[in-house]
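Breakdown of the fold
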Amino acid sequence: MTMTKLNHFNDAGDAHMVDVGDKQVTLRQAVAQGRIQMQAETLQLIIDGNHKKGDVIGVARIAGIMAAKKTPELVPLCHPIALTHVEIELTTDASLKSVVCRASVETRGVTGVEIEALTAVQVCLLTVYDMCKAIDRGMVISDVGLLSKSGGKSGDWCSEVEPLIKA
């Protein structure tokens, strides 16, 4: 595996925001995924829509969309990006007692949207945790990662990790 230079550091080794001013505007897309595992009873409350706090899946979806839009406020060297589309897919997996999230993000711009997709997944799953923590503090967020990215100078990339949500 060839190591590439970390571009968030200048020649002196100081952190800096990468200059993307000369990059081409292209369609850039990224897809990320993750899961939160919980007790079977907690998952059933979510599935049945009987949680006291309301629609856990619906609130988590909105939180994920908001998170993608707010990513530069959370990740210090991330560029503000005009997102053109954010889609959050949440499914339940009774066999693994999990809520699974897949976030798809796109822009037409000069830098990619991988961090926005990953942030959306994390905040979606954190929202599920927040809404359900009173009944299940042992929930575990896991398997968060990038599935694919396209566009830009580096081109397309696809993970060898199996998608948690089957297309």
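This report concerns the structure included in the present document.

Rules used in this analysis
Residues numbered from 1 in each chain as written. Predicted model: local features only at pLDDT ≥ 70, side-chain atom pairs only at ≥ 80, totals over all residues. Heavy atoms only, no water. Axes fitted to C-alpha atoms, helices over the stretch in contact; angles between N-to-C directions. Helix = DSSP H or I, 4+ residues; strand = E, 2+ residues; numbered from the N terminus. Parallel < 35°, antiparallel > 145°, perpendicular 65-115°, else oblique. Left-handed = near helix turned anticlockwise from the far one by under 90°. Contact = heavy atoms within 4.5 Å. Nonpolar A, V, L, I, M, F, W, Y, C, P; charged D, E, K, R; others polar. Core = buried A, V, L, I, M, F, W, Y, C linked by side-chain atoms within 4.5 Å. Buried < 20%, exposed > 50% of the residue type's maximum accessible area, 1.4 Å probe, protein only.

1. Section: the packing of helix α2 (residues 56-74) against helix α3 (residues 114-132)
At their nearest, the axes of α2 and α3 sit 7 Å apart, and the two run at 135 degrees to each other. By the angle between their axes, α2 is oblique relative to α3. Read as a crossing pair, α2 and α3 show a hand that is right-handed. Note on element contacts: α3 touches α2 through Ile 115, Glu 116, Thr 119, Ala 120, Val 123, Cys 124, Thr 127, Val 128, Met 131 and Cys 132, opposite Val 56, Val 59, Ala 60, Arg 61, Ala 63, Gly 64, Ala 67, Ala 68, Thr 71 and Leu 74. Grouping the constituent residues of the contact of α2 with α3 by class yields 14 nonpolar, four polar and two charged.

2. Some points on the nonpolar core
Counting 27 residues, the largest nonpolar core has Met 38, Ile 46, Ile 88, Leu 90, Val 99 and Val 128 as its most contacted members. Mapped by element, the contributors of at least two residues to this core are β1 (26-37), α1 (40-48), α2, β2 (83-93), β3 (98-109) and α3. Per element, the largest residue contribution to this core is eight residues, and it comes from α3.

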